[in-house]
Amino acid sequence: MTDQVLPEKVETTDVDSAIAYLKDKFPSAVSDDTRDGYSGVIVDKNKLVDVARAIRDELGYNYLSSATAVDYHTLGEPDSDMEMVYHAYPITGGGALVFKAQTPRDNPEIPSLVNVWPGADFQEREAYDLMGIRFPGHPNLKRILMWEGFLGHPLRKDWKEAYYEEDHKPFSSRWPSGNVWRAEEKNAYGKNVRYPDDFDLSRLNDVSEESLYEGLGLGVDVQAIEGTMHTDRLVVNMGPHHPSTHGVFRMVITLDGETIDTLEPVMGYLHRNHEKIGERNTYLHNMPFTDRLDYLSSMGNNLGYALAVEQLMALGPRWNPPSYRAEVIRVLMAELTRIVNHLWSIGFLLNDLGAFFTPMLYANNEREKILDFFEGVAGSRLMCNYVRFGGVFQDIPERIHSVQNMVNDRVRDFDSMKFLTELVSERLPRFLDEYEYYLSENEIIKARCINVGVLPPDEAVGYSAAGPLLRGSGIPYDVRRADPYSIYPELDFDIPVGERGDIYDRYTVRIREMRESLRILRQLLPRLEATKGESVAGTNAHTPRVPVGESYGRVENPKGELGFYVVSAGDAKGTQNPWRYHVRAPSFINLTPLGRMSHKQKVADVVTVLGSIDIVLGETDR
Amino acid sequence: MADLNLNELHDTEFPLPEQMHGNVAITSLSKLYNWSRRSSMWPLLFGLACCAIEMIGTAASRFDFSRFGMEVMRATPRQSDLMIVSGTVTKKMVVPIVRLYNQMPEPKYVMAMGACASGGGPFKEGYNVVSGIDKYLPVDVYVPGCPPTPQALLHGLITLQKKIDGQSLANLDDVPWYGVGPSEPTPIPILGPDIIDPRQMDTIRRQAELAALGQPIGLRALPDVPVYKPKPKKAVAAAAVVEEVVVDEEDAARVMELRQAALARKRAYDASKS
Ligand code: SF4
């Protein structure tokens, strides 16, 4: 499918000399991005594939972290007002080489990079779906989040949804003097729908079996397979309602006997238009929305988004970086989140393996303890909405008071430091030991996991896999080390990696990561004690001044690298709304190799392979 | 199964010797039937979004909704009584949801869990979001929250049990599934250029005609907002009174007429009843 991704020897160059090298090699095709607040280079789209190959092979920026489109409608020049932004990193660690390709928005076309980085596959399909950019050379260019036949490309700036009110919040209808109508009332159908003027109702009643698979490009004739008894090939539809797909995810599998031939992931069943809504929202509005991306690790999402916006805010006036205590608390929460998430995902992996709910219930018990802490600190168990620009929402209170902790109508509360200390130095390590004792050497688990769903390291990099999926394949890439943020540089922890790149490795990587998180947490406790009383609120957390520019903030979330690409465009004071707001979702991109990993596996293994990737649909579909 | 508490079932004025209360219960069929139904509500194992995490949390050992009879979650709609719509309903997903609902056997109940399922929630304005599952399916209980805490979900489930307790076998409105013939399936929405509710075909056609005439499609003109303005009380009104009386006379006559008519109607109605 792709040529060799990891060439023999590459000298990793720093970003500046890499850019100089590119300009030297492609003098006519590469130029600096000179816009205010922007970085990287602009590449002539006709040369894009060559330049990308050079970036990957000659410069060693072989990990394509993110590829996304921006619509500069009314802002840019008419012949180049849509662009693709690529962030490439060296897999050995270091900063990003940002390169962009521009195209006119009335006929947007940019060559596909799938042959250079197969990880661009889904991201280009997303850009096609939501922005309408076509990618010549893409093997399978079709909509990914919306359905085939949907009207228009919703992330374009001039595309308006049925409940459209204004471009930016706060809507004037909501101000004190405004008259608020429910959005339904303004719509003729009383619903969130809008149809084109020349709408042909006559060809809508297709409820046949084939229509279910129409537009998937399976390359199989469903009718033929169903109509004949002579072949063993079979199309199996799993999901979107299926207990093992971890949400509303759908896979259409072609089977040869019991062996998987092709697997076509179908997503978008939870596409909640996070990015469109995010571009209408103010910067602050978006914080609680990020909770709902990966709803198991809301604190981590908050942090990633805050980092992206803070990068921009730091360029403007009146910016104070977060206090040391705020950083400690952020890391504390991020690591607790990692444990929460891994407990859940391992529990569900075992569920998929057939250990129906027993390990899950034990893991969940421990998770609930941490949620109690979250509730005491942030006020909510799941959707914490805790991090603010330049700090956090509030300090850890003296006593943890969790309403969920009700015993005989009495809410118990705990001394927060004592609670935390006991949790990280006794309760959780003990639990992990016990858990591992029962599970890690279990014969069934080993038989079903070892050498199943293997992803070799070079392919893992090429597919832009992230998190335990990447590390399970033996690549020690962790944003906390490779491109450190917050106070991670001063903390002492290891990065667990696997050897074979199979399901079992991903399982052990998660277990060991939890142990590493506990190690980090134990280092944080004395820092918490030492910084008692320091202020944790950001200086202008609620009225962020965000100057013009772009930024890409990324964190190592439990599921992998979570990135936020934010473009701010506005007057000198800085606007309250991002122009472009894109989420590089690890759950989404990690699904790219799913078909590859399931190929020639047994059908029963596909749920375990999926479980070992650990997706959450809120983030996959956004 | 919840413990059989005979005292709970015992409901009639029929005299029963005190010492037999623990052994014999005399009850109505409705009550026995509702009691057994509501004590074994099997939810559909079906999670949509973030709220599903709290639903699983509620099912897990700490909150444990099997205490209330939601013993098993079934992955197939054919064995479940209750659909907990736990999360954001997108246009793409509402098609399978309606399908699943149609596949559930009667009696079936729907619970909208969380802000999203109840009315669109934080994502309401999104182009792929349905503003509440009640646009497509009849909802029995709404549980507010984003996400609702396990307690809130438990409260919703208990509320549903109360609702079931109130249903009477004697009233076909309460238990329509005992009526004649199979119940009508909910029409399955179609994914066109936007989601299409087959029940709205006529409206869509009408709107298409309007569009052909060059009138804006989709938007409906809103009536002017009635703005409350308190009437200024003025002392000078005394002068105006003279004029107003003239107008009032006509008005009063009209009002009187209306009243008479209404009275006549009421009398006729009463007469027909007795
Ligand atoms: S109500 Fe809130 S928690 Fe529930 S699905 Fe909607 S956004 Fe998620």
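Since the model is a prediction, treat every value here as computed from it, not as a measurement. Within every chain, residues take consecutive numbers counted from 1 along the sequence as written. Going through the entries in the order they are written, you letter the chains from A and number the ligands from 1. Only residues with pLDDT of at least 70 are given local features in this predicted model, and only at 80 or more are side-chain atom pairs given and counted; all residues enter the totals for whole chains, interfaces and linings. Here the side-chain values reflect all heavy atoms present in the structure, with hydrogen atoms and water set aside.

Remarks on the overall build of chain B
Part 1 of the argument: The way it works is that DSSP assigns letters per residue, a run of H or I at least four long becomes a helix, a run of E at least two long becomes a strand, and they are numbered from the N terminus. Helix and strand counts for chain B stand at eight helices and five strands.
Part 2 of the argument: Along the chain direction, N to C, the helices and strands of chain B fall in the order α-α-α-β-α-β-α-β-α-β-β-α-α.
Part 3 of the argument: We call a residue buried when its accessible area falls under 20% of the maximum for its residue type, exposed when it is over 50%, and partly exposed in between, using a 1.4 Å probe and counting protein chains only. Counting only residues that meet the buried cut, chain B has 41% of its 274 residues in that class.
Part 4 of the argument: Long-range contacts, defined here as pairs at least 24 residues apart, represent 69% of the contacts in chain B between residues at least 6 apart. Contacts were defined at the residue level, with two residues in contact if any of their heavy atoms lie within 4.5 Å.

Some details on the overall build of chain A
Part 1 of the argument: The helix and strand tally for chain A stands at 20 helices and 15 strands.
Part 2 of the argument: For chain A, with 622 residues in total, the buried portion stands at 61%.
Part 3 of the argument: In chain A, of all internal contacts separated by at least 6 residues, the share reaching a separation of at least 24 is 69%.
Part 4 of the argument: Each accessible area value is a Shrake-Rupley result obtained with a 1.4 Å probe; residue values ignore everything except the protein chains displayed when judging cover. Roughly 22400 Å² of accessible area belongs to chain A as shown, and the carbon and sulfur atoms make up 50% of that amount.

Quick word on the environment of glutamate 310 of chain A
Residues and elements named next belong to chain A.
Part 1 of the argument: For glutamate 310, the location among the structural elements is in helix H8 (residues 298-313).
Part 2 of the argument: A relative accessible area of 6% places glutamate 310 in the buried class.
Part 3 of the argument: As a C-alpha pair, glutamate 310 and glycine 300 span 10 residues in sequence and 15 Å in three-dimensional space.
Part 4 of the argument: Apart from residues lying up to four places away in sequence, glutamate 310 is in contact with Trp319, Pro322, Arg330, Arg388, Phe389, Gly390 and Gly391.
Part 5 of the argument: Any pair of nitrogen or oxygen atoms within 3.5 Å is treated as a polar contact; in protein, a donor-acceptor pairing is required on top of that, and neighbouring residues in sequence qualify only through side-chain atoms on both sides. Here arginine 330 takes part through its side chain, which lies 2.6 Å from a polar atom of the side chain of glutamate 310.
Part 6 of the argument: A polar contact of 2.6 Å, which involves the side chain of glutamate 310, links it to the backbone nitrogen of glycine 390.

As for the sheet that holds strand S5 (residues 97-103) of chain A
Residues and elements named next belong to chain A.
Part 1 of the argument: Should DSSP find at least two bridges between two strands, the strands are regarded as paired. Pairing is mixed in the open sheet, where five strands are placed in the order S1-S2-S5-S4-S3. Two strands bound the open sheet, and with one partner strand each, they are strand S1 (30-32) and strand S3 (63-71). Averaged over all neighbouring strand pairs, the angle between strand axes comes to 25 degrees, with direction disregarded.
Part 2 of the argument: With three bridges joining them, S1 and strand S2 (residues 41-43) adopt antiparallel strand pairing. Following the sheet pairing, serine 31 is matched in S2 by isoleucine 42.
Part 3 of the argument: The axes used here are C-alpha line fits, helices contributing only the stretch in contact, and every angle between their N-to-C directions lies in the interval 0 to 180 degrees. Running at roughly 175 degrees to S5, helix H2 (residues 48-58) makes contact with S1, S2, strand S4 (82-89) and S5 of the sheet.
Part 4 of the argument: Each of S3 and S4 is contacted by helix H3 (residues 120-131), which is oriented at about 5 degrees to S3, the strand it contacts most.

Here we look at the site of the ligand
Part 1 of the argument: Here, proximity means that at least one heavy atom of the residue falls within 4 Å of the molecule or strand. Near the ligand you find 16 residues, and of these Cys50, Cys51, Ala115, Cys116 and Cys146 of chain B are the closest.
Part 2 of the argument: Around the ligand, the nearby residues trace back to chains A and B.
Part 3 of the argument: Of all the elements in the fold, those that place two or more residues in the shell around the ligand are helix H3 (50-59) and helix H5 (114-119) of chain B.
Part 4 of the argument: No other element matches H5 of chain B, which puts three residues into the shell around the ligand.
Part 5 of the argument: Basically, the charged four are Asp, Glu, Lys and Arg, the nonpolar ten are Ala, Val, Leu, Ile, Met, Phe, Trp, Tyr, Cys and Pro, and anything else, Gly included, counts as polar. In the shell around the ligand, the residues fall into 10 nonpolar, four polar and two charged.

Here we look at the pattern of salt bridges
All names here are of chain A.
Part 1 of the argument: By definition here, a salt bridge exists when the distance from a side-chain nitrogen of Lys or Arg to a carboxyl oxygen of Asp or Glu is within 4 Å. Taken as a whole, this structure holds 54 salt bridges over all chains when the rule is applied.
Part 2 of the argument: Note that lysine 25 and glutamate 58 form a salt bridge whose closest N and O atoms lie 2.9 Å from each other. Separated by 33 residues along the polypeptide, lysine 25 in helix H1 (residues 15-25) and glutamate 58 in helix H2 bring together distant segments of the chain.
Part 3 of the argument: The salt bridge involving arginine 480 is made with aspartate 478; its shortest N-O contact spans 2.8 Å.
Part 4 of the argument: The buried category is assigned to arginine 480, whose relative accessible area is 2%.
Part 5 of the argument: Classification of aspartate 478 as buried rests on a relative accessible area of 1%.
Part 6 of the argument: Salt bridges linked by common partners bring Glu335, Arg338, Arg471, Asp478, Arg480, Glu513 and Glu556 together as one network.

Some words on the domain arrangement of chain A
All names here are of chain A.
Part 1 of the argument: What the domain assignment lists for chain A is domain 1 (15-131) and domain 2 (274-621).
Part 2 of the argument: With 35 residues of domain 1 at the contact, the number on the domain 2 side is 29 residues.
Part 3 of the argument: Contact between domain 1 and domain 2 buries roughly 2500 Å² in total, counting both sides, with carbon and sulfur atoms accounting for 60%.
Part 4 of the argument: Note on terms: buried area is the combined drop in 1.4 Å-probe accessible area of two parts once they are placed together, counting the loss on both. The largest share of the area that domain 1 buries against domain 2 comes from Tyr63, Ile91 and Phe122, three residues that together contribute 23% of it.
Part 5 of the argument: Linking domain 1 to domain 2 there are one salt bridge.
Part 6 of the argument: The shortest N-O distance in the salt bridge between lysine 100 and glutamate 550 comes to 3.0 Å.
Part 7 of the argument: Where domain 1 touches domain 2, the interface holds 16 residue pairs in polar contact (both at pLDDT 80 or more). Note: domain ranges come from an automatic or database domain assignment.

Regarding the confidence of the model for chain A
Part 1 of the argument: Of all residues in chain A, 89% attain a pLDDT of 70 or more, and the chain-wide mean is 82.
Part 2 of the argument: One number per residue, pLDDT, summarises how confident the predictor is, and it ranges from 0 to 100. Predicted confidence is poor over residues 1-10 of chain A, with pLDDT under 50, and the contacts of this stretch with residues over four places away or in other chains come to 18 contacts.

Description of the environment of arginine 510 of chain A
All names here are of chain A.
Part 1 of the argument: Note that arginine 510 resides in helix H16 (residues 503-530).
Part 2 of the argument: Residue classification places arginine 510 among the buried positions, given a relative accessible area of 2%.
Part 3 of the argument: The spacing of arginine 510 and serine 416 is 94 residues in sequence and 27 Å in space, taken between C-alpha atoms.
Part 4 of the argument: When sequence neighbours within four positions are dropped, the list of residues in contact with arginine 510 reads His342, Ser345, Ile346, Pro468, Ser612, Ile613 and Asp614.
Part 5 of the argument: Here the side chain of arginine 510 touches isoleucine 613 through a polar contact of 3.5 Å, landing on its backbone oxygen.

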